[in-house]
Structure formats: structure tokens, C-alpha cells
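Here is how the chains run, residue by residue.
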Amino acid sequence: MRHLMMTQDELKRAVGWSALKYIKPDTIIGVGTGSTVAHFIDALATIKDQIIGTVSSSKASTEKLNYYNIPVLDCNDVDCVDIYIDGADEINHHLQMIKGGGAALTREKIVAALAKKFVCIIDESKVVDMLGEFPLPIEVIPMARSYVARELFKLGGKPIYRQGVITDNGNVILDIHDLTINEPLELEKRINNITGVVTVGLFADRKADIALIGTSSGIKEIKLE
């Protein structure tokens, strides 16, 4: 008898494909980054002729979209994105997120800002009561790395340079470990105000509108009231 417990990748595939129900004809789709989004791109390929095109948040996603011949539009050529589909490294019950494990946080935040609706697709392991167990990524201008690290240290966490990683924008990543995030919105603003920070991987100001969560008992949907 086959064991019914789904693997994490099977959960990611299920939730990635479930996002198709939010895709409407003749719209522009924002496409995020990561393993769950990769499954969504597989699904999107089945209806690619129905959409206008996509705006991509990373080179990796653009390559996969190109593989399927799904049109990729320049962000500067669109006024808005009808819907943005992306994952998260952590998400709380207010649909605030930590993103940036794949180092695409700045482009993801830009596409999210353009989007009329943000649908976050995750498996159940990413849902938390309080953000911060996953190290908080910060994209930083290279020459400001040490200065920013000292400023971040004052916040009570432990900033660690993500060695060997250069973002698609040519910058570096600092990950803040051991940080308890009680006030995500306040912390997002505070870190973004540090000189040399490009952006922080806290998505509290522009949080998700809908979360689709892959669980062993099916897809759970949470909408903000």
C-alpha cells in the first residue's frame, strides 16, 4: 500500500499548480523565484497562449519562462502586474513574509509593488507564528557591507555575510540570524533606512493578499480580510 504522506516537493508541486485558478486570460503575470515557483511555471506553460506575458523577478525564472516560450516583459514597459505569484521562506498568519533565501529579494519586492494582487504559494513548513527563525536576508551595496553589518548588529541579531553570492543586481547579501521579529513593519522600515541597504527581505508593508498552503490534507487558502 502506498504511503499517503506527501513529500515536500509533492506539496510544492500541488500548491504551484493550484495557483493556476487565479490566472485570468489577457493579463500580465508576475513570476517569483524558487522551487515552488518552478512548479507554477510548469503549470503556467499549459495556458501560456491565454496570457499577455510575464514579468520575472530573477534570471533563473526568466530562463525557465524562456524555455517554455512564455513571453517575458521588461518591468519598465508595464504600468502594473495583474497578479504576482511567489513563494516565501517564512510567512506568518498576517501574511507578512521573509523572502530572499534565493537572493532575489529586491526584484521580488519590485514586482510585488507593481502587483494588484499577490498570491504566496508555500508548503506548510513555511508557516510560522513569529518571523525570524529563518535568517533575514538584506541586499547591500558591496562597499557598505561592513558598515551595514555593524548597524544590523545593533538590532540584536547576528549578521553573517553570505559568501560567494552576488545578486542579479551585482550586490551582496547579509543574513541576520537569531533575530526575533515582533514588529515586522517597523523593522522593515528601520532596516531600509540604513545607508547602503538596497532592501530587506521583510515583506510586511507589501504583504501577500492570499496564501495558498500545500498540506498533506490538501491546499489551504488564507485571504486577508
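Placed above this text is the structure.
Basis of the calculations
- Residues numbered from 1 in each chain as written.
- Predicted model: local features only at pLDDT ≥ 70, side-chain atom pairs only at ≥ 80, totals over all residues.
- Heavy atoms only, no water.
- Helix = DSSP H or I, 4+ residues; strand = E, 2+ residues; numbered from the N terminus.
- Rg over C-alpha atoms; globule rule 2.2 N^0.38 Å.
- Buried < 20%, exposed > 50% of the residue type's maximum accessible area, 1.4 Å probe, protein only.
- Contact = heavy atoms within 4.5 Å.
- 1 Å grid on protein atoms, 1.4 Å probe; cavity = no way out; pocket = protein on both sides within 12 Å on 5 of 7 lines; lining within 4 Å.
- Points joined across faces, edges and corners; volume = space filled by probe spheres on them.
- Nonpolar A, V, L, I, M, F, W, Y, C, P; charged D, E, K, R; others polar.
- Axes fitted to C-alpha atoms, helices over the stretch in contact; angles between N-to-C directions.
- Parallel < 35°, antiparallel > 145°, perpendicular 65-115°, else oblique.
- Left-handed = near helix turned anticlockwise from the far one by under 90°.
- Arc of directions from axis to C-beta.
- Pairing = 2+ DSSP bridges.

Undergrad: Could you give me a rundown of the overall build of the protein, with the residues and numbers involved?
TA: When helices and strands are tallied, the protein shows 6 helices and 13 strands. In terms of overall dimensions, the protein is globule-like: its C-alpha atoms have a radius of gyration of 17 Å, near the 17 Å expected for 225 residues. Across the 225 residues of the protein, 52% fall into the buried class. Excluding contacts between residues fewer than 6 apart, the proportion of contacts in the protein whose partners are at least 24 apart in sequence is 72%.

Undergrad: Outline the layout of surface pockets, listing residues and values.
TA: Taken as a whole, the largest pocket holds about 230 Å³ of empty space. For the largest pocket, the lining is made up of 20 residues, of which Thr33, Gly34, Gly87, Ala88 and Asp89 are closest to its centre. Among the elements of the structure, α2 (35-44) and β6 (118-123) are those that each provide at least two residues to the lining of the largest pocket. No other element matches the 3 residues that α2 contributes to the lining of the largest pocket. Estimates place the volume of the second largest pocket at around 150 Å³. As for the second largest pocket, its lining consists of Leu155, Leu179, Thr180, Ile181, Asn182, Glu183, Glu186, Leu187 and Arg190. Looking at the lining of the second largest pocket, its residues break down into 4 nonpolar, 2 polar and 3 charged.

Undergrad: Lay out the packing of α2 against helix α3 (residues 59-67) with the relevant residues and their values.
TA: Relative to each other, α2 and α3 sit at 25 degrees, their axes nearing to 10 Å. Classified by the angle between their axes, α2 and α3 sit roughly parallel to one another. The handedness of the crossing between α2 and α3 is right-handed. Residues Ala38, Ile41, Asp42 and Leu44 of α2 form the contact with α3, whose participating residues are Ser61, Lys64 and Leu65. For the contact of α2 with α3, the residue count by class is 4 nonpolar, 1 polar and 2 charged.

Undergrad: Tell me what's going on with helix α6 (residues 184-192), and back it up with residues and numbers.
TA: Within α6, the full set of buried residues consists of Pro184, Leu187, Glu188 and Ile191. Looking straight down α6, one finds that the buried residues subtend no more than 105 degrees of arc, so they occupy a single side. Residues of α6 that are exposed and angled more than 90 degrees away from the buried face: Glu186 and Arg190. Looking at the buried residues of α6, the elements they touch are α4 (105-114), β7 (136-140), α5 (145-153), β9 (172-177), β10 (197-200) and β11 (202-203).

Undergrad: Give me the lowdown on unusual backbone geometry, citing residues and values where you can.
TA: What is expected of a backbone is that most residues other than glycine have negative phi and most peptide bonds are trans. The backbone phi angle of alanine 103 is positive, close to 70 degrees, even though this residue is not glycine. Despite not being glycine, aspartate 178 shows a phi value in the positive range, around 60 degrees. Take aspartate 178: it is sitting in the loop between β9 and α6. Using a relative accessible area of 64% as the deciding quantity, one classes aspartate 178 as exposed.

Undergrad: Requested: an account of the pairing of strand β3 (residues 83-86), with residues and values cited.
TA: Burial along β3 is two-sided: the face carrying Ile83 and Ile85 and the face carrying Tyr84 and Asp86 are both buried. By the bridge criterion, 3 bridges tie β3 to β6 in an arrangement that is parallel. Bridge pairing in β6 places tyrosine 84 opposite phenylalanine 118.

Undergrad: Pulling in residues and values, what's your account of the sheet that holds β9?
TA: Here 4 strands make up an open sheet; going across it, the order is β8-β9-β7-β10 and the pairing antiparallel. In the strand order of this sheet, the two ends are held by β8 (158-161) and β10, each with one partner. Adjacent strand axes in the sheet meet at a mean angle of 30 degrees when their direction is disregarded. Here β7 pairs with β10 via 3 bridges, running antiparallel. Across the sheet, isoleucine 138 pairs through a bridge with valine 200, a residue of β10. Taken strand by strand, α4 contacts β7, β9 and β10, and its axis lies near 65 degrees from that of β10.

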